[in-house]
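Residue-level structure breakdown
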Amino acid sequence: MDKSSTLVVIGAGHAGSELACGAREAGWPGRIVLIGEEPHLPYHRPPLSKACLAGDTQAPELLIRSAKAYEKAGVQMRLGIAVRAIDRAARTLALSDGSALPYDRLALATGGRARPLPCAQGAAANATNLHYLRTLQDVERLKPDFLAGRRLVVVGGGYIGLEVAASAIQRGLQVTVLESEPRVLARVTAPVMSDFYETMHRTRGVRIRTGTSVQALHLDATGQRVSAVVCADGEAIDADLVVAGIGLLPNTELAEAAGLAVDNGILVDPQARTNDPLIVAAGDCTRFHSALYGRSLRLESVPHALEQARIAAATLGGQARTHDPLPWFWSDQYDLKLKMVGLSAGHDQVVLRGDPGQSAFSAFYLQGRRLLAVDTVNRIPDFMQAKRLVAGRAEVNPEALADASIPLTQAVPIAAV
Ligand code: FAD
């Protein structure tokens, strides 16, 4: 590649921003163009369900980098423009403004979109008080409805649903969370963690109904607003607004239409390369093989988007760096800092350390003696240690783990620390 070569990055989110600037740092010599469908410079998404709803965070505070930083890195921004098609044979992109853009190398960082509520069909799908939370625009649309005294029904007791519930109750809304699983956070945490979070929300006034799936949305007389959420048992819960947080659909259609390998995520190798040697991909839109867990994964987290973007940037710069990420994530609800590392699927034992009653404890997920994952609540030192232990596939002593008076480093064989 030389100065006349063009790298185009599609998707101006966490991964796209990091990839575009990282490619320059990694030695990409030519033009870099970052194309984003949203009208904003890349911004931090996690605050959308936290500070943005609980308080008054303004858009400029959310920016990942300033306009100057892109300028300095020689990254040209094309915002408010979507890529409609990739012509791999001609190495050209069709853009939503009708123009075509040639590329020498391409990076896909298209992220994902909120999964629509299956029962929101017809007019209900367009109800003005039915909300999702993925973009700044979603928050701007939600805020006028997000007022003290309003009755909010949150569909989905995952991280985003619970964060919205916490923000809402702090702002004085009346909140009901509906979760189809028997407990909140069921797909990602142990029952002890779900119990803890359910208690924390209930004591602050959130109504939580688990094992309850949503069957229909009733509209009011205008036919434009949801007036009630109908559960599978027939009960109708009155609502002034509804927020659905039921997961993410990866934006893979563009890649699929271009003939790239896609399987619930754009398939990439440890160097973030797709099956086209000219195209890399990073972030929520990708799926990759995890050597650490021995299976393919699609992760939805900022740390993963950033790390994989740096690997993709290195690949574009001609370096052979590889990626086997350690999944980690955080969630802030009230004054509770939940940090999780690893994936707990396949565990046969959960060891608690610390005291849920004091809102400071950790749950260690073990398979035999091997540590698979750790969730920590308000125990940052545990989290820091846990990252190293999970990455190192450490074998641990459950009795020592459970005794918070024994330093965590002594709960594992010296060789693993
Ligand atoms: P995205 O951030 O989705 O960015 C992709 C961008 O590509 C979008 O702007 C999209 O418009 C654009 N795009 C897509 N297709 C095209 C196209 N054809 N042409 C042009 N542009 C296109 N993660 C954590 O680790 N911790 C948290 O606490 C946390 N909280 C979250 C709270 C909320 C409310 C949300 C929504 C997410 C949260 N996440 C959190 C997840 C985290 O934000 C995502 O994992 C991360 O944003 C993924 O970055 P990405 O760049 O892969 O994708």
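Just so we're clear, the structure is a prediction, and the values are computed from it rather than from any experiment.

Tallied over the entire structure, the rule returns six aromatic pairs. Ring geometry for F196 against F361: centres 4.8 Å apart, planes inclined by 70°, an arrangement best described as edge-to-face. With a gap of 165 residues between them, F196 in helix α6 (residues 191-203) and F361 in strand β25 (residues 360-367) connect regions that are remote in the sequence. Summarising the burial analysis for this pair, F196 and F361 share the class buried. One aromatic cluster is present, built from ring pairs that chain together Y159, W328, F329, W330 and F383. When the ring centre of Y334 is taken as reference, the NZ or CZ atom of R204 above it lies at 4.2 Å.

Turning our attention to the state of the cysteines. A full pass over the atoms with the stated rule returns zero disulfides. Free cysteine C119: the closest other cysteine sulfur is in C231, separated by 9.9 Å.

Bringing the pairing of strand β20 (residues 286-290) into the picture now. Of all the five residues making up β20, four are buried; the element is thus mostly covered by neighbouring parts of the structure. By the bridge criterion, two bridges tie strand β18 (residues 266-267) to β20 in an arrangement that is parallel. Across the sheet, the residue bridging to I266 is T286, located in β20. Across three bridges, β20 lies against strand β21 (residues 295-297) in antiparallel orientation. In the strand pairing of β21, S290 is matched with R295. Where β20 folds back on β21, the antiparallel hairpin that results is connected by four residues, among which G294 adopts a positive phi of roughly 65°.

Strands sit in the order β13-β14-β15 across an open sheet of three strands; the sheet is antiparallel. The open sheet has two edge strands, β13 (214-219) and β15 (236-238), and neither has a second partner. Strand after strand, the sheet turns through a mean of 25° between neighbouring axes, direction not considered. Looking at chain direction, strand β14 (residues 226-231) and β15 are connected through three bridges and run antiparallel. Residue pairing across strands places V230 opposite A236, the latter belonging to β15.

The next point concerns the site of the ligand. Around the ligand, the structure places 35 residues, and the nearest of them are A15, E38, R45, K50 and R134. The backbone of H14 places a nitrogen or oxygen atom 3.1 Å from an oxygen atom of the ligand. In this structure, an oxygen atom belonging to the ligand sits 2.6 Å away from a side-chain N or O atom of R45. Contact with the protein chains removes 95% of the 1,000 Å² of surface that the ligand exposes when unbound. Every element with two or more residues in the shell around the ligand is listed here: α1 (14-25), β2 (31-36), α8 (302-316) and β22 (328-333). Counting residues per element, the shell around the ligand draws most heavily on α8, which supplies three residues.

Turning our attention to the sheet that holds β20. On the basis of which strands lie adjacent, the open sheet formed by three strands has the order β18-β20-β21 and mixed pairing. The sheet is open, and its two borders are formed by β18 and β21, each paired with just one other strand.

As a further point, take the nonpolar core. Ranked by internal contacts, the top residues of the largest apolar core, which has 43 residues, are F146, L152, V175 and Y197. Here this core gets seven residues from one element, more than from any other, and that element is helix α5 (residues 159-170). Sequence-distant contacts of Y197, that is, excluding residues within four places in its chain, are made with V184, L185, Q333, L336, L338 and V377.

As for its position among the elements, K50 is in the loop between β2 and α2 (51-54). Overall, the relative accessible area of 13% leaves K50 in the buried class. Those residues in contact with K50 that sit more than four places away from it in its chain are E163, S167, W330, S331 and D332.

Position of F383 among the secondary structure elements: in helix α9 (residues 380-391). You can call F383 buried: its relative accessible area is 2%. In this structure F383 touches W328, K339, M340, V341 and T376, once residues within four positions along its chain are discounted.

Conventions adopted
Residues numbered from 1 in each chain as written. Predicted model: local features only at pLDDT ≥ 70, side-chain atom pairs only at ≥ 80, totals over all residues. Heavy atoms only, no water. Phe/Tyr/Trp six-rings, centres within 6.5 Å; stacked < 30°, edge-to-face > 60°. Helix = DSSP H or I, 4+ residues; strand = E, 2+ residues; numbered from the N terminus. Buried < 20%, exposed > 50% of the residue type's maximum accessible area, 1.4 Å probe, protein only. Lys NZ or Arg CZ within 6 Å of the ring centre and 35° of its normal. Disulfide = S-S within 2.5 Å. Pairing = 2+ DSSP bridges. Axes fitted to C-alpha atoms, helices over the stretch in contact; angles between N-to-C directions. Near = heavy atom within 4 Å. Polar contact = N/O pair within 3.5 Å; in protein donor to acceptor, adjacent residues only side chain to side chain. Areas by Shrake-Rupley, 256 points an atom, 1.4 Å probe, with all protein chains shown as cover. Core = buried A, V, L, I, M, F, W, Y, C linked by side-chain atoms within 4.5 Å. Contact = heavy atoms within 4.5 Å.

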